[in-house]
Each structure stands twice: as structure tokens, then as C-alpha cells.
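Summary of structural features
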Amino acid sequence: MWKLWVLCLSAVPALAQPLPERIAVRGVYSNPKPLWDQGARLDELGINAVFVHAGSITAAMLERARAEGAQVYAEYPTLNGKGYVEQHLEAWPVDSHGARAAPATWFLGACPTEPGFRAWRRKQLEDLLERYDVAGVWMDYFHWHAQFEDPNPVLPETCFSPTCLAAFARWAKLKLPAGAPAAQAAWILAHQDRAWREWRVTVLEDWARQVREVIRKKRPGILLGVYHCPWTDSEYGGARRRILGLDFERLAPLVDVFSPMV
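Here is a short report on the structure shown in this document. (Residues numbered from 1 in each chain as written. Predicted model: local features only at pLDDT ≥ 70, side-chain atom pairs only at ≥ 80, totals over all residues. Heavy atoms only, no water.)

Section: the packing of aromatic side chains
Under the counting rule described, the total for this entry stands at 19 aromatic pairs. Geometrically, the ring pair formed by Y29 and Y227 is edge-to-face, given 5.8 Å between the ring centres and 85° between the ring planes. In this pair, Y29 sits in strand β2 (residues 27-29) while Y227 sits in strand β6 (residues 223-228), placing the two residues 198 residues apart along the sequence. Accessibility assignment for this pair places Y29 and Y227 in one class, buried. A centroid spacing of 6.4 Å and a plane angle of 25° characterise the contact between F168 and W171, whose relative ring orientation is stacked. Of the two residues, F168 and W171 both sit in helix α4 (residues 162-172), three residues apart, roughly one turn of that helix. The exposure class assigned to W171 is partly exposed, which follows from its relative accessible area of 36%. (Phe/Tyr/Trp six-rings, centres within 6.5 Å; stacked < 30°, edge-to-face > 60°. Helix = DSSP H or I, 4+ residues; strand = E, 2+ residues; numbered from the N terminus. Buried < 20%, exposed > 50% of the residue type's maximum accessible area, 1.4 Å probe, protein only.)

This is the structure:
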């Protein structure tokens with residue numbers, strides 16, 4: 001799907017007009033190849049930024065985009081588990097019943113504390129930045145397993161995997177009661193709910209910190225952005241923080257640009 005930030009696609013002819021000085025970035029989300037196939041130039045359309053899935057970036061794309069006055073920013077599918085968790089079941093998010101969480105309408109997250117998944121994603125980012133001199137990295141799917149981009153949001157309680165339960169116990173300095181994951185999940189939600197929500201926020205903070213560290217090592221000076229749920233603090237019972245684990249004030253020191261997915 002094509003997205004044109006600031007102006008809708010139906011307004012493309014107007015983009016040939018001079019850009020107002022107050023607009024610093026006017027970008028598209030997706031590979032610009034369909035525009036190029038029609039003989040268009042990004043600068044003639046008033047486009048000065050391209051936000052594209054990291055897997056679609058090529059040296060030729062970077063060269064042409066820059067020749068037409070546009071910077072290229074990589075979308076990094078941070079906690080999207082599809083393509084990994086099916087082959088590494090230990091990284092599948094676990095719900096409060098102790099079962100593998102059901103995939104949402106079109107999204108399947110991952111257990112954000114599973115070491116193998118974290119190492120896999122980090123290696124992808126390192127390889128991307130070693131290979132391509134992008135202008136920035138935008139974290140996408142940056143939330144615990146859930147789906148907010150739906151008329152009826154899917155908001156399960158996760159993740160109660162062995163690695164998450166152990167990490168939470170260490171962070172909270174407590175000993176979980178013996179029993180199956182479902183029983184431990186029930187105990188946490190009944191007796192340690194506030195600490196549980198806070199810990200989940202710290203896990204996303206740690207992911208953002210790791211991405212920033214890789215950027216500083218591989219491409220110092222480029223931007224770190226995040227696509228995120230646009231809900232207010234109170235919508236869906238505070239689900240943005242309570243379920244998704246997103247606390248913008250806590251992420252602000254780590255993230256350069258917040259991009260609400262309106």
C-alpha cells in the first residue's frame with residue numbers, strides 16, 4: 001500500500017508546486033519503483049524522502065533516490081515474528097492461558113525477551129547498516145503481540161513465556177509461585193499487575209536502546225524513528241501502555257522521531 005505523508009495521493013499533481021519552507025520532509029512509504037516505472041522523478045513530485053521496508057533497499061534505489069533529492073529511510077520490522085516464530089516455537093508469544101497466542105488478523109508478534117529472536121533481529125539491523133548508508137531507521141511493529149490497526153483491536157495479555165516470566169521475576173525481585181504458566185500469569189495479573197505493566201515498558205525501552213546502540217556503532221548520526229499506535233492514554237482502557245507496552249515519555253530520550261500511524 002502506498003502512503004503519501006502530508007498530502008494524499010489524489011493531490012499528487014499539486015506536488016510539483018514549490019514546497020513551503022515550513023515543510024522539512026515530504027515522503028512516501030513504499031518502494032518508489034512504481035513511480036519510476038511511470039517515468040516520474042521524486043524531485044518533480046516534491047518528494048524528498050522515501051520510507052521503505054529494509055528488505056527492499058538496494059544500492060541502485062539509494063543512488064537514484066539521492067540523485068532525485070530524496071533520502072532513504074529503512075523500515076525495521078522490530079517485533080514482527082512472522083517468518084521466524086513458526087520455525088522457532090520458543091519465540092512464539094504465550095498468552096495468559098499458557099498457550100501460544102493466536103495470530104491476529106494479519107500480524108503475529110514474537111516473545112520480546114527470547115534471546116534467539118533478539119539476536120536474529122540485531123544481526124539483520126547490523127547487516128543493513130553495514131551494507132547501506134540509509135538516512136535513518138524506523139522501528140515498525142514496535143509493541144507486544146497485539147493488533148491495533150483493526151476496527152476491532154486484538155488486545156491479548158502476553159507474554160508469559162519462560163523467558164518473560166524469568167525476566168520479570170528478576171526485575172521485580174520476587175519469586176513466582178510454583179505451577180503452570182497459566183497459574184503464574186493469573187497470580188501476576190492479580191497481585192503484581194502494576195509491576196508487570198511497568199516491566200513490559202522497560203522491555204521495549206531496552207529494544208529501542210539496543211537499536212540505538214547499533215546505529216551509533218554502524219551509522220552514527222542517522223535518525224531513529226518509530227511507527228506507533230496513535231491512541232491516547234485513555235483509549236481502550238489505556239491499552240497503548242497497558243497491552244502494547246508503549247510509554248512515549250520513557251522512549252523520548254531514545255527515539256528521534258515519533259510517527260503515529262493515524
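That shown, we press on.
Notes on the pattern of salt bridges
Summed over all chains, the structure comprises 18 salt bridges. Among the ionic pairs, E130 bridges to K218, the shortest N-O distance being 2.5 Å. On the criterion of sequence distance, the pair formed by E130 in helix α3 (residues 115-131) and K218 in helix α6 (residues 193-218) is long-range, its members being 88 residues apart. A relative accessible area of 48% places E130 in the partly exposed class. (Salt bridge = Lys/Arg side-chain N within 4 Å of Asp/Glu carboxyl O.)

Side note on the layout of surface pockets
Within this model, the second largest pocket holds a volume of roughly 230 Å³. Taken together, 13 residues line the second largest pocket, and the ones lying closest to its centre are H53, A54, G55, Q124 and L128. Breaking the lining of the second largest pocket down by element, the ones donating at least two residues are β4 (71-77) and α3. Top element by residues in the lining of the second largest pocket is α3. It accounts for six residues. Split into classes, the residues belonging to the lining of the second largest pocket amount to seven nonpolar, three polar and three charged. (1 Å grid on protein atoms, 1.4 Å probe; cavity = no way out; pocket = protein on both sides within 12 Å on 5 of 7 lines; lining within 4 Å. Points joined across faces, edges and corners; volume = space filled by probe spheres on them. Nonpolar A, V, L, I, M, F, W, Y, C, P; charged D, E, K, R; others polar.)

What to know about the nonpolar core
Within the largest apolar cluster, 79 residues are counted, with the highest numbers of intra-cluster contacts made by I57, L129, M139 and F142. A per-element tally of this core places α6 first, with 10 residues. Apart from the residues lying within four places of it in its own chain, the contact partners of I57 are V52, L62, V72, A74, L128, Y132 and V134. (Core = buried A, V, L, I, M, F, W, Y, C linked by side-chain atoms within 4.5 Å. Contact = heavy atoms within 4.5 Å.)

Description of helix α5 (residues 181-191)
Of the positions making up α5, those classed as buried are Q184, A185 and I188. Along the long axis of α5, the arc covered by the buried residues comes to 100°, so they all point the same way. Across α5 from its buried face, at more than 90 degrees, point the exposed residues A190 and H191. Those residues of α5 hidden inside the fold are in contact with α4 and α6. (Arc of directions from axis to C-beta.)

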